[in-house]
Amino acid sequence: MDIRMTSESRATKVGHTLAKVLGIKLSETKNPLDDPVKRGESVYSLSTAQPYVEEEPTVAEWVQSIIPTWRESGNYVVSLFPFIHWIGRYNLQWFIGDLVAGITVAAVVVPQSMAYAKLAELPVQFGLYSSFMGVLIYWFFATSKDITIGPVAVMSTLVGDIVLNVRQNYPQYEGHDVASAVAIIAGAIVLFIGLIRCGWIVDFIPLTTISAFMTSSAINIAVGQFPTLMGITGFSTRAPTYEVVINILKHLGRTKLDAAIGLTALTMLYLIRFACNCAAKRFPNRSKQFFFLSTLRTAFVILLYVMISWLVNRYHRQHPKFSILGPVPRGFKNAKVPKVDIDIVSSFASQIPVAVIVLVIEHIAIAKSFGRVNNYTINPSQELVAIGVTNMLGSFLGGYPATGSFSRTAIKSKAGVRTPLAGVITAIVVLLAIYALPAVFFYIPNAALAGVIIHAVGDLITAPNTVYQFWRVSPIEVIIFFAGVFVTIFSSIENGVYTTISISAAVLLFRIVKARGRFLGHVKVHSVIGDHVVGQDGRDSALRTSEKLPLGGVDSSLRSIFLPVKHDDGSNPEIDVRQPYPGIFIYRFSEGFNYPNANHCLDYLVDTIFKETRRSNSESFPRLGDRPWNNPGPGRGQLEPDRSHLPTLKAVILDFSSVNNVDITSVQTLIDIRNQLDRWAAPDVVQWHLACMNNRWTKRALLSAGFGYPTPPFNPDDSSPLRWKPIFSVADVRVGSESAATFMEEQNRRLRRGSKDVENGLSRAVDAESNSSNYEKSIQESNAYQTSGRHKIAVVQGLNVPFFPVDLASALQSAIANVEEQYGGGDDIINPRSSPH
């Protein structure tokens, strides 16, 4: 122990010596209340009290808090495999639910994945490869039981654009090689983000961006598939959406027999769903059966048109009557190590960001949505791990980028899935399709697949009612929504994504930078129980015993609240909200307090104070040339406005309830404003009370800047003692049967007897303020640290930071008490002609 203290002392001496050499003034921001007499605690006896002093956080504490322990490291490894927590309790009932859900999803994923592979400009078997790996691997890393990973329309469209662009510039690369390279690169990036547990970055993408992205992509895909649906050829369906629409109208006369297949297939898909929904409403007891019938509609339509295609084209395999898929290889013919080199990666490097964004936002948005619906919470970082691993391993079988599918996830959830293991059932069915059904796939009409795609993406379009609800919540975000949709239609999907994200970020920054606080006023309010205003009549003052009072003996008939003086929060403008005391201002930050908004927030504070107060020392400018340039005075023939009725500035209370962290810029700005207001109030000083702080590092920063304790006299040569009144908030510490939980239970029991309390009446709370100037005597007679039986009264905030009160009420009480202590009861605070604010 002595050795350790000696080493610490030696380190301290070395540090002080080094600071002296470098010119660092360690004692420059010393708390003047470090002297116990000034702090107001020396009058306590250590035998009856144990004073509480807040310790500043240290860098060593911060470093220790971010370095994981061995237990935390072990928990991290275990968290990478969530199935460990539930696989040991797997049972037959869970298996039956997973079996039904897995087969049901497989009936949808097989035709959809082949259709989406066409969007990716790849043969249909690559969609099956991606689906197989998606559902097979995901359950190892899943935190959602509902998500189904596989090819999706939007990602497939984006991959198709990348494949076409790369093959145009590098024709030596096969399309599936490019798609697999995109999968492994994007998957590696997403996996890295998940492993470092930075899934929170997804929260920077707002719902408006996701909705605009899904809506515009659905319109883009549907329009792009319409020519295939109608059998129209002769132009590119990858052009901007508006150009595709124009070309469709130009070439509508080229419609072929494919239109009969495509339009009837699309119509049948919607009719089956509509009929099943109506039947489920008509016969609620059979809604489950109708749901499964509706789910199987895609497989039914594909099989129906396969049979029709076989009947029509079985003798015309080389020259079919309408476009069909053609040969589909059996098994995993393209399984190999992905080709990833500098040339192929550089060819699509500019599109990697949008590929990662699409992978992430669609999956996380769906997972969070179904997690809330089914009452469980996902881990976004772990979901990113699942996506990354799935895409990286899938590329070895020839798969292209896959993510969560909304339609298949909804089907899986409604089918009654119990665990993520249902994906293995789906994988088995997909594997059977890959090996057993290629001969059947030969006759699938391309027009029918186009109808399946259009039907699937139709559900991704945001409904008008949802857009209206967006307008009700935030009109500016509706503008962002339509901006993203229009940019996608007239440009591309990736430009639409970048547009919505950029505008949303700009709006967020604008709100932070232009955030302006509010000045608060003090209002006394009553509570209303039923039709009775508590504390309004004489009956309520009849009770005097704590046994008949609610909330454990505290009279709640009258309480203090703080409302914006300008009523810009929507409060009733008929309520008279005034400044709580002449020369005391309460200011609440609205959007944090950091370097972007520090000047804007505090400039408004200073401007308002200058308008509503006068200088403590009246200025006299005998000659015009004596005036400063920024205060030229009234014009010729005009008199100086009379400001003698205004109070002088005495104290500022800042509400830090919305501030979590501060920085050097914001603290320095606050120091400059303090100095500016001190000059305005000179020779008096302005006392600063910073309430509702909930971060120790924020307290440390402000303490180093000289806040948290009374401001010394303005004149540094003034040797008069610092006059202030120590006021601290204390709380009752209860033990045993009178613990906090027991106390709250008793409070709730008394609240349930509210009607009886109203009949008996409630006593009115009376605010007691001490006018004694002998604060040491007040502290000595206080019972703040006394113990009585099983009760103990303890101070809430540290004695060394008296001007960091826990709430606004304490801050206001302290400010008023210290103003009256400093100015002798307030008679000299304001001109007799003044009116209260």
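What counts and what doesn't
- Residues numbered from 1 in each chain as written.
- Predicted model: local features only at pLDDT ≥ 70, side-chain atom pairs only at ≥ 80, totals over all residues.
- Heavy atoms only, no water.
- Helix = DSSP H or I, 4+ residues; strand = E, 2+ residues; numbered from the N terminus.
- Expected span 1.5 Å × (residues − 1).
- Buried < 20%, exposed > 50% of the residue type's maximum accessible area, 1.4 Å probe, protein only.
- Contact = heavy atoms within 4.5 Å.
- Salt bridge = Lys/Arg side-chain N within 4 Å of Asp/Glu carboxyl O.
- Patch = residues over 30% accessible without salt bridge, like charges linked within 9 Å, V, L, I, M, F, W, Y side chains within 5 Å.
- Areas by Shrake-Rupley, 256 points an atom, 1.4 Å probe, with all protein chains shown as cover.
- Axes fitted to C-alpha atoms, helices over the stretch in contact; angles between N-to-C directions.
- Parallel < 35°, antiparallel > 145°, perpendicular 65-115°, else oblique.
- Left-handed = near helix turned anticlockwise from the far one by under 90°.
- Nonpolar A, V, L, I, M, F, W, Y, C, P; charged D, E, K, R; others polar.
- Phe/Tyr/Trp six-rings, centres within 6.5 Å; stacked < 30°, edge-to-face > 60°.
- Lys NZ or Arg CZ within 6 Å of the ring centre and 35° of its normal.
- Pairing = 2+ DSSP bridges.
- Core = buried A, V, L, I, M, F, W, Y, C linked by side-chain atoms within 4.5 Å.
- Polar contact = N/O pair within 3.5 Å; in protein donor to acceptor, adjacent residues only side chain to side chain.
- pLDDT = per-residue confidence, 0-100.

In this section: helix H12 (residues 258-282). When the terminal C-alpha atoms of H12 are compared, their 36 Å separation across 25 residues agrees well with the 36 Å that a helix rising 1.5 Å per residue should span. Taken residue by residue, H12 has Asp 258, Ala 259, Ile 261, Gly 262, Ala 265, Leu 266, Leu 269, Cys 276, Ala 279 and Ala 280 as its buried positions. Lining the buried residues of H12 we find helix H10 (207-230), helix H13 (287-295), helix H14 (297-313) and helix H21 (446-458).

With 24 residues, H10 ought to run about 34 Å at 1.5 Å a step, and its terminal C-alpha atoms sit 35 Å apart, in line with that. Note on H10: the residue one or two positions beyond its end, Gly 231, has a positive phi of about 75 degrees.

Tallied over the entire structure, the rule returns twelve salt bridges. Between Asp 655 and Arg 588 there is a salt bridge, with its nearest N and O atoms 2.6 Å apart. Of this pair, Asp 655 sits in strand E8 (residues 651-655) while Arg 588 sits in strand E7 (residues 584-588); the two residues are 67 residues apart in sequence, bridging distant segments of the chain. Exposure remark for Arg 588: the relative accessible area of 29% places this residue in the partly exposed category. Salt-bridge contacts for Asp 684 lead to Lys 650; the nearest nitrogen and oxygen are separated by 3.3 Å. Taken together, the residues Asp 684 in the loop between helix H27 (664-681) and strand E9 (687-691) and Lys 650 in the loop between helix H26 (598-612) and E8 connect sequence positions 34 residues apart. One network of salt bridges, with partners in common, ties together Glu 121, Asp 161 and Arg 238.

A word on a nonpolar patch on the surface. Together, Tyr 76, Val 77, Val 78, Phe 81, Ile 84, Phe 192, Leu 195 and Ile 196 give the surface a local cluster of nonpolar side chains, amounting to about 660 Å² of exposed area. For the nonpolar patch, the secondary structure elements donating two or more residues are helix H4 (70-79) and helix H9 (175-195). Note on placement: Phe 192 falls in helix H9.

With that settled, the discussion passes to the packing of H26 against H27. Where H26 meets H27, the axes come as close as 10 Å, and the angle between the chain directions of the two elements is 10 degrees. Taken together, the axes of H26 and H27 are roughly parallel relative to one another. Classified by chirality, the crossing of H27 by H26 is right-handed. On the side of H26, the interface is formed by Ala 598, Asn 599, Leu 602, Val 606, Ile 609 and Phe 610, while H27 contributes Ser 666, Thr 669, Leu 670, Ile 673, Gln 676, Leu 677 and Trp 680. Taken together, the residues of the contact of H26 with H27 break down into nine nonpolar, four polar and no charged.

Scanning the entire structure with this criterion turns up 31 aromatic pairs. Members of the aromatic cluster, each reached through a chain of ring pairs, are Phe 81, Phe 83, Trp 86, Tyr 90, Trp 94, Trp 139, Phe 140 and Phe 141. One residue, Arg 314, lies across the ring of Trp 310, its end atom 4.8 Å from the ring centre. Lying over the aromatic face of Tyr 604, Arg 516 brings its terminal NZ or CZ to 4.1 Å of the ring centre.

With respect to topology, five strands assemble into an open sheet ordered E6-E3-E7-E8-E9, the strand pairing being mixed. Edge positions in the sheet fall to strand E6 (558-564) and E9, since each has one partner strand and no second. Here the average twist between neighbouring strands, direction ignored, is 35 degrees. With five bridges connecting them, E7 and E8 associate as parallel partners.

Between Ala 682 and the following residue, Pro 683, the backbone shows a cis peptide bond with an omega angle of 10 degrees. Mapped onto the elements of the fold, Pro 683 is located in the loop between H27 and E9. Here the phi dihedral of His 567 falls at roughly 60 degrees; this positive angle occurs in a residue that is not glycine. In this structure, His 567 sits in the loop between E6 and E7. The backbone of Cys 692 shows a phi angle near 65 degrees, a positive value even though the residue is not glycine. Along the polypeptide, Cys 692 turns up in the loop between E9 and helix H28 (696-704).

Residues Phe 348 and Tyr 400 are the most contacted members of the largest nonpolar core, which totals 104 residues. The element contributing the most residues to this core is helix H16 (residues 352-373), with 13 residues. Within the second largest apolar cluster, 37 residues are counted, among which are Tyr 587, Cys 601, Ile 609 and Ile 671.

Below, the discussion takes up the environment of Ser 131. For Ser 131, the position within the fold is in helix H7 (residues 125-141). With 21 residues separating them along the chain, Ser 131 and Val 110 place their C-alpha atoms 7.9 Å apart.

Within the secondary structure, Thr 488 is located in helix H23 (residues 475-490). In terms of polar contacts, Thr 488 uses its side chain to reach the backbone carbonyl oxygen of Gly 484, at 2.9 Å. Setting aside chain neighbours within four positions, we find Thr 488 in contact with Ser 216, Ser 217, Asn 220, Thr 241, Ile 493 and Gly 496.

What follows is about the confidence of the model for the protein. When pLDDT is averaged across the protein, the result is 82; 81% of the residues are at 70 or more. Across residues 36-49, confidence stays below pLDDT 50; counting only partners more than four residues off in sequence or on other chains, it has 29 contacts. The low-confidence segment residues 826-837, where pLDDT is below 50, has 23 contacts with residues more than four positions distant or belonging to other chains.

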